[in-house]
Amino acid sequence: GMFDPEKYGAAAAGGNAGGGRVLPKKVDGNEYSTTAAVTELRISNSDEVLQLPVMVATTVWDIKELLSTRLGIDSSVMQFVTKQGPYWREQNDCEEIRRKVLVRGIKSFERSRIEYPHPMAVIGAGHIGLRQAMVFLKAKEHNFVLFDRKPKVGGQSWWDQANTASKLQTELGVYHLGWDETLPLPTTDYPWPSRDEILKDFEDKANELGLMPYIRLNTDVVEVQMAGQRETATYEFSLRNVGDFSGKVEKFMTSAIMMYPGNLSVPRRETYIGEDLFGGIIAYGMFNELDYNVLRGKNVAIVGHGAFAVENVRTCLEYSAGQMYLVCRRKNLSCPRFVSWLVNQSNTPVSGAMLLNTMQPMYDLVGFDPWNYYAVQANASRTSCSIVQKARFGIGDVYFLAVSWGKLEVIEDPLGVKRLSEGALHCGNGRKLEVSAVLKLLGFVGNFENDRLLKIKELVGFWVNEDPKRWLVAEPVSVMASNFGGTSFSPGAIAWVEAAMWFVHYPEDFWKVVMGTGLVPRHKTNGEDIPAYVVDARHGTQTVLLLGACIPWLGERGAISGKIKVHRMATLHPIDKFIQYCKEDWDYYCDKLRKEGLSGPEFPYTPDVAHKYFAHYQAEDQAAIAKSETQK
């Protein structure tokens, strides 16, 4: 009969499925051996061999459960046969696994992928879409086509939303297309490449890695029609060449869809009373809409307090604008560069309390207390907290520098902008700002066209309408966390595309494994300004964690991804070199302001201060590891 896991130890009940690890088993008070060993499995009538690290106490049942999870089959179909003297005999499930075993009942240790009649389709050749193509080729999957309406790869966020003066806010070590354990590190260690440098790297990597033959540029997917159900469903694309105005439509059949439309893509727009009287510059500080040279010497009002608003402070300072005002209804937390580095180099996540405490030296320069921000919910002793805000962290030091040197004033007014008049912006609280330019950075909203195209009624995890072959990810919005393991995109992109590949290869796992948990988050449109595909950080995190728990391979890949993050940050951005780059950048802008007759503080994260906070994190990390070990 089937081996009884209750009798032989809780670990045998499946906790070892990730790689053969078995906790000590006790029977009648006797503990079984946990000495390491290696078992060789060979498939009957085949040369295929699998070597597994095990313990002496590992049982046949343990290995069958591991293989059944890996292969998506019932463990009862397998027979383990071993040679005993001159004879062969079948091992019972409760026996310790022998060192050499013949496996009957399966044809391969590799799970069979579903074979589709049509290519799989990837929509969007930005960071995630290119990474999806990379993961496919790494897995020797060639039956796919990637579509993008742009003439070059790179994606909407960098081509359209960013300005030519935009720079990466997070660090290069956790944001580059070659972010994979099989690919070399970037050749530069400068943490914040420009928009044009990032786009060039995307194009170079797409050519170097052989992605371009699979990519169709200048191609817009304008309609999708579905036929069939579940695993047999097919989809018909209507395609238009972006440069062809004849109206000609091409039909394309696909068996699965992965869509990556970029993050929020439609700028939130407002028209203020009196814009016709203002007489100055009114623009949205994105989409390369504005030549920032025209701001030289002019007083500027920046409306908003999200990541793009913070980035525009740096851009305006770069182009020698005059006095700057940042007008917002409420202040969002902004993240100093060193704090972003601390989070991204982390092994175990940085606690919310440590995050805010490490921000403190920078916030002290401007007289703000991060613990008092609307986004922070903390206990009275400030030893723990959670952070919930709609906008992502704007990452950078120039925002704090500009305030502390008197170049920028932050005006927090719940009433916002009341009106404009000739040469002035009037706040709701009655404050009048004499400015020559108004830059609107009011955030973004989702594009309902994406809901229409894929016929989205509900996003279930990242699946459209519970269809395992329609997958859509736009980077989840907002900040919702009490522990922080990253501020960047590449780790999330790896997890999303590997999960997409798994479920198009093995769609039955969607129904048998994932949906059976009852834990998949769901999201529908609010019918006004939030499409169904736009989900918050909690939805995204819950989905990734659930998939890692349900699918051992995805869980293992997540662990590997964490190690890549730690290694690349330590190699590219060691603490002293990173602080040096931060200070050089700080000093560059200080020199600009000194020439304007201003003065202010030096960079607050000296090597001693940085190492102090790094030591605090290391202690927190070791405590988290020790706590985890005691819970095993």
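Keep in mind it's a predicted model, so treat the numbers as computed, not measured.

Chemist: I tried to follow the packing of helix 8 (residues 337–344) against helix 17 (residues 607–630) on my own but got confused; where do I start?
Modeler: For any two helices packed against each other, one specifies the crossing angle of their axes together with the interaxial distance. Two numbers describe how helix 8 lies on helix 17: the axes approach to 11 Å, and their chain directions differ by 30°. One way to sum up the angle between helix 8 and helix 17 is to call them roughly parallel. Crossing handedness for the pair helix 8 and helix 17: right-handed. Side by side, helix 8 and helix 17 meet where Phe-338, Trp-341 and Leu-342 of the first sit next to Ala-610, Tyr-613, Phe-614 and Tyr-617 of the second.

Chemist: Teacher, can you tell me more about helix 2 (residues 60–71) here?
Modeler: In an α-helix, one turn spans 3.6 residues, which is why side chains three or four residues apart end up on the same side. With twelve residues, helix 2 extends 16 Å between its outermost C-alpha atoms, agreeing within 8% with the 16 Å of an ideal straight helix rising 1.5 Å per residue. Summarising burial for helix 2: nine of the twelve residues are buried, a large majority. Within helix 2 the residues assigned to the buried category are Val-60, Trp-61, Asp-62, Ile-63, Lys-64, Leu-66, Leu-67, Ser-68 and Leu-71. Gly-72 occupies a position one or two residues after helix 2 and carries a positive phi of about 70°.

Chemist: Mind showing me how you'd approach empty space enclosed by the protein here?
Modeler: One simple way to see leftover space: roll a probe sized like a water molecule over the atoms. Across all of its chains, the model carries one cavity of 30 Å³ or more by this definition. Lining of the largest cavity is provided by Lys-167, Leu-168, Gln-169, Val-310, Glu-311, Arg-314, Arg-337, Ile-395, Gly-396, Asp-397, Val-398 and Tyr-399. Put simply, the parts of the chain that give the lining of the largest cavity at least two residues each are helix 7 (307–318) and helix 10 (398–404). When residues in the lining of the largest cavity are grouped by element, the largest group, three residues, is from helix 7. When grouped by side-chain class, the residues that make up the lining of the largest cavity number five nonpolar, two polar and five charged.

Chemist: Is there a simple way to explain the packing of aromatic side chains in this structure?
Modeler: Aromatic ring pairs are defined here through the distance separating the ring centres and the angle between the ring planes. Following the criterion strictly, the structure yields 33 aromatic pairs and no others. Pairing Trp-158 with Tyr-175 gives two aromatic rings, centres 6.2 Å apart and planes at 65°, and the pair type is edge-to-face. With a gap of 17 residues between them, Trp-158 in helix 4 (residues 156–161) and Tyr-175 in the loop between helix 4 and helix 5 (195–208) connect regions that are remote in the sequence. Side by side, Trp-158 and Tyr-175 carry an identical accessibility label, which is buried. Over the ring of Tyr-374 we find Arg-330; its NZ or CZ atom is 3.8 Å from the centre of that ring. One cation-aromatic arrangement involves Arg-337 over Trp-192; the distance from NZ or CZ to the ring centre is 3.5 Å.

Conventions used here
Residues numbered from 1 in each chain as written. Predicted model: local features only at pLDDT ≥ 70, side-chain atom pairs only at ≥ 80, totals over all residues. Heavy atoms only, no water. Axes fitted to C-alpha atoms, helices over the stretch in contact; angles between N-to-C directions. Helix = DSSP H or I, 4+ residues; strand = E, 2+ residues; numbered from the N terminus. Parallel < 35°, antiparallel > 145°, perpendicular 65-115°, else oblique. Left-handed = near helix turned anticlockwise from the far one by under 90°. Contact = heavy atoms within 4.5 Å. Expected span 1.5 Å × (residues − 1). Buried < 20%, exposed > 50% of the residue type's maximum accessible area, 1.4 Å probe, protein only. 1 Å grid on protein atoms, 1.4 Å probe; cavity = no way out; pocket = protein on both sides within 12 Å on 5 of 7 lines; lining within 4 Å. Points joined across faces, edges and corners; volume = space filled by probe spheres on them. Nonpolar A, V, L, I, M, F, W, Y, C, P; charged D, E, K, R; others polar. Phe/Tyr/Trp six-rings, centres within 6.5 Å; stacked < 30°, edge-to-face > 60°. Lys NZ or Arg CZ within 6 Å of the ring centre and 35° of its normal.

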